[in-house]
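As a plain string of letters, each chain reads:
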Amino acid sequence: MTNNQNQPREFDAVLGGEAPPTTDAVLGGVEGVKKRLASPYAEIRVAALQDALNYQTEGLNLVIHSLHDCSRKVRQSAYNLLRDRIEPQVKQVLQEYKYWDLFERIDEPLNQGYIYNTFNQFYNRQVESYDPKIGLQNTAEKAYVLDDNVTTFLREPDVNKVKALIFRGYYDLWRILSPDILKNIKALFYGPYDIDYQISWTYIEDISLILEGFPNLEMLLVRGGDNSCPWEKFISLRHENLKALIVETGGLGRDKIAQILSLELPALEHLELWLGSDEYGGNSSIDNLMPIFSGNLFPKLTYLGLRNSEYANNIAATIVNSSVINTIKVLDLSLGDLGDEGAEALLNCPAVNQLDILNVSNSCLTEEMVERLKLLDVEVIADTEKEPGDRYCSVSE
């Protein structure tokens, strides 16, 4: 029996028939997979990835290479095929892969009004609570959840190898973390986590102090509320490495927005602001967001999330006439009060069809408008819509 990888097998596809057009030949073996991965049609490339893993190391390398495909659907398919594999080269690649444009960032469970989301993975690492009795193990592959065991944690022999940390912080506790010891931290979560707190019971930590202390950060996610607590020591600084900044809140005030937009973040790819309710400090307006829409503030931006807003229609109407709509790949207006008026503006903007993802889930759209949006040539996420007459943001108190 031969073992020729170029021979067709029972799981090789036969390409032919109806559109998208292909050759009518049987493209078998690993060479056939390569040809299909070179197809101009994303659907064919996605199907080829399913077959690639049947060809051992060579096929695995093809899937890894597809993480950089021009199509988000292909990248997502490659990621899904790789995420649970245990090969060292796969783990290494995924640890360096930016996950924040993927569905795992967008499709998080929502428990309305309360501090909610926990993570199975954070910064492409398995989340695990730090246990002083066990210590640190396989630090490169884990994101540790830390709360009141900070002193013991900082004494761990391998603590300087930790790259992702979820700090269940309250008030100023983050300051006792030592940047000198945690100099290799690349991803940090700060805020209430996995507790029965309403989001308005806490406040958002001054992110400039965190960025100043951790110059190697690539991802910063802060969570909280209480706009009445100003960032009095805020520093308008330049941070060379931050790629993802996520601020989850039930009320983000105009002053804090101005401070965030004063930061120089030349590497930023993902900006996500939860604007919130005016009743809980979210007193911003479209004027406060205008620097973002110029497209010049964060030149590498590919994901723009202006979520949980009470003026989402105004955001939609403004962004379709802005420069940034021509450069981003993901537009996320979810969790807010987006209605058919704002969605109509998106439908009438040709540049929207150049997006990879449009997320309008948990909005106030009619079923008819959702169906119209799904005719766009992009991946539209429009799940768990509110009643069209209910105009409110999803997370406030």
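In this text, all values refer to a predicted model and were calculated from it rather than measured experimentally. (Residues numbered from 1 in each chain as written. Predicted model: local features only at pLDDT ≥ 70, side-chain atom pairs only at ≥ 80, totals over all residues. Heavy atoms only, no water.)

A closer look at the pattern of salt bridges
The test is simple: Salt bridges, as used here, are contacts in which a Lys or Arg side-chain nitrogen is within 4 Å of a carboxyl oxygen on Asp or Glu. Runs of H or I in DSSP of at least four residues are treated as helices and runs of E of at least two as strands, each being numbered from the N terminus. For every residue, the accessible area obtained with a 1.4 Å probe (protein chains only) is divided by the maximum for its type, and the residue is called buried under 20%, exposed over 50%, and partly exposed between those limits.
This model, assessed by the stated rule, comprises 16 salt bridges. The partner of Arg 238 in a salt bridge is Glu 264, with the nearest N and O atoms 3.0 Å apart. With a gap of 26 residues between them, Arg 238 in the loop between strand E6 (219-224) and strand E7 (244-249) and Glu 264 in the loop between helix H9 (254-261) and strand E8 (270-276) connect regions that are remote in the sequence. Since its relative accessible area comes to 47%, Arg 238 is described here as partly exposed. Between Glu 344 and Arg 372 there is a salt bridge whose closest N-O contact spans 2.9 Å.

Some thoughts on the nonpolar core
Our working definition: Among buried residues, those of type Ala, Val, Leu, Ile, Met, Phe, Trp, Tyr and Cys that are joined through side-chain atoms within 4.5 Å constitute a nonpolar core. Contacts: residue pairs with any heavy atoms within 4.5 Å of one another.
If you look at the biggest cluster of nonpolar residues, it comprises 78 residues, and the most contacted ones within it are Phe 153, Leu 220, Leu 245, Leu 289, Leu 304, Leu 306 and Leu 373. Setting aside residues up to four positions removed in sequence, Leu 373 forms contacts with Ala 343, Leu 347, Leu 358, Val 360, Leu 365 and Val 380. Ala 48, Ala 52, Leu 60 and Leu 82 belong to the second-largest nonpolar core, a separate cluster that totals 20 residues.

Here we look at the packing of aromatic side chains
Condition: Only Phe, Tyr and Trp rings take part, Trp by its six-membered ring, and two of them pair if their centres are within 6.5 Å. Stacked means planes under 30 degrees apart, edge-to-face means over 60, and tilted covers everything else.
Scanning the model with the defined rule gives five aromatic pairs in all. Between the aromatic rings of Tyr 130 and Phe 153, the centroid separation amounts to 5.1 Å while the plane-to-plane angle is 80 degrees, which identifies the pairing as edge-to-face. Remark: Phe 153 occurs in helix H7 (residues 150-154) and Tyr 130 occurs in the loop between strand E2 (125-129) and strand E3 (142-146); sequence separation between them is 23 residues. Judged by its relative accessible area of 0%, Phe 153 is buried. When the centroid spacing of 5.5 Å and the interplanar angle of 65 degrees are considered together, the rings of Phe 189 and Tyr 193 count as edge-to-face. For Phe 189, a relative accessible area of 0% corresponds to the buried category. Three or more aromatic residues joined by ring pairs form one cluster here, namely Tyr 130, Tyr 144 and Phe 153.

What about the sheet that holds strand E4 (residues 164-167)?
Quick reminder of the rule: By the convention used here, strands pair only if DSSP detects at least 2 bridges between them. What counts as an axis is a line fitted to C-alpha atoms, over the stretch in contact for a helix, and the angles between N-to-C directions run from 0 to 180 degrees.
Taken in spatial order, the twelve strands line up as E1-E2-E3-E4-E5-E6-E7-E8-E9-E10-E11-E12 in an open sheet, and their pairing is mixed. The sheet is open, and its two borders are formed by strand E1 (121-122) and strand E12 (379-381), each paired with just one other strand. Relative to strand E5 (residues 187-190), E4 runs parallel, the two sharing four bridges. The partner of Ile 166 across the bridge, within E5, is Phe 189. Contacting E8 and strand E9 (303-309), helix H10 (residues 286-293) crosses the sheet at an angle of about 170 degrees to E9.

Some words on the environment of Ile 64
With respect to the helices, strands and loops of the structure, Ile 64 is situated in helix H3 (residues 56-65). For the pair Ile 64 and Tyr 79, spaced 15 residues apart in the sequence, the C-alpha separation amounts to 8.1 Å.

Examining helix H1 (residues 29-37)
Just so we agree on the cut-off: Arc definition: directions from the helix axis to the C-beta atoms.
Residues Gly 29, Val 30, Gly 32, Val 33, Arg 36 and Leu 37 constitute the buried set of H1. For H1, the angular spread of buried residues about the axis comes to 155 degrees, placing them on one side. The elements touched by buried residues of H1 are helix H2 (42-52) and H3.

Quick look at the pairing of E9
Keep this limit in mind: Here a crossover is taken to be right-handed if, once the strands point away from the viewer, the path from the first strand over the helix to the second is traced clockwise.
Most of E9 is tucked away, with seven of its seven residues classed as buried. Where E8 meets E9, six bridges bridge the pair, whose relative direction is parallel. Residue pairing in the sheet places Leu 273 in a bridge with Leu 306 of E9. Read from E8 through H10 to E9, the crossover connection turns out right-handed. One ladder, built from three bridges, connects E9 with strand E10 (residues 330-332); its direction is parallel. Counted as the bridge partner of Leu 304 is Leu 331 from E10.

So, unusual backbone geometry
Generally, phi is negative for residues other than glycine and the peptide bonds are trans, each holding for most cases. With a phi close to 60 degrees, Asn 124 is a non-glycine residue in the positive phi region. Position of Asn 124 relative to the elements: it lies in the loop between E1 and E2. On the basis of relative accessibility, which here comes to 9%, the residue Asn 124 falls in the buried class. Of note in this structure, Leu 335 is not a glycine but carries a positive phi near 70 degrees. As for its placement among the helices and strands, Leu 335 is situated in the loop between E10 and helix H12 (340-347). We classify Leu 335 as buried; its relative accessible area is 5%.

Side note on a negative patch on the surface
Spelled out, the test is: Only residues above 30% relative accessible area that lack a salt bridge enter a patch, with like-charged residues linked at up to 9 Å and the nonpolar side chains Val, Leu, Ile, Met, Phe, Trp and Tyr linked at up to 5 Å. For the accessible areas, the method is Shrake-Rupley and the probe is 1.4 Å, while residue cover comes only from the protein chains on display. Asp and Glu count as negative and Lys and Arg as positive, but His and the ends of the chain are not part of the count. All charge positions are set by atom: Lys at NZ, Arg at CZ, Asp at CG, Glu at CD.
A contiguous patch of negative charge on the surface is contributed by Glu 367, Glu 368, Glu 371, Glu 387 and Asp 390. Counting through the fold element by element, Glu 387 comes out in the segment after E12.

A short note on the packing of helix H11 (residues 312-319) against H12
What counts here: Convention used here: angles under 35 degrees read as roughly parallel, angles over 145 as roughly antiparallel, angles from 65 to 115 as roughly perpendicular, and any remaining angle as oblique. Handedness of a crossing follows from how the near helix is turned relative to the far one, being left-handed for an anticlockwise turn of less than a right angle and right-handed for a clockwise one. Classification used: nonpolar for Ala, Val, Leu, Ile, Met, Phe, Trp, Tyr, Cys and Pro, charged for Asp, Glu, Lys and Arg, polar for all others including Gly.
Close contact between H11 and H12 brings their axes to 8 Å; oriented N to C, the two are set at 15 degrees. It follows from the interaxial angle that H11 and H12 lie roughly parallel. Crossing of H11 over H12 shows left-handed handedness. Between H11, through Asn 313, Ala 316 and Ala 317, and H12, the contact on the second element is made entirely by Glu 341, Gly 342, Ala 345 and Leu 346. Considering only residue class, the contact of H11 with H12 consists of four nonpolar, two polar and one charged.

Let's talk about the pairing of E6
Counting buried positions along E6 gives six out of six residues, so the element sits mostly inside the fold. The side-chain alternation of E6 yields two buried faces, one formed by Met 219, Leu 221 and Arg 223 and the other by Leu 220, Val 222 and Gly 224. Bridge count between E5 and E6: four bridges; the pairing is parallel. Following the sheet pairing, Ala 187 is matched in E6 by Met 219. Where E6 lies against E7, six bridges are found, and the strand directions are parallel. Bridge pairing links Leu 220 to Leu 245 in E7.

Don't take any of this as a statement about function, it's just geometry.
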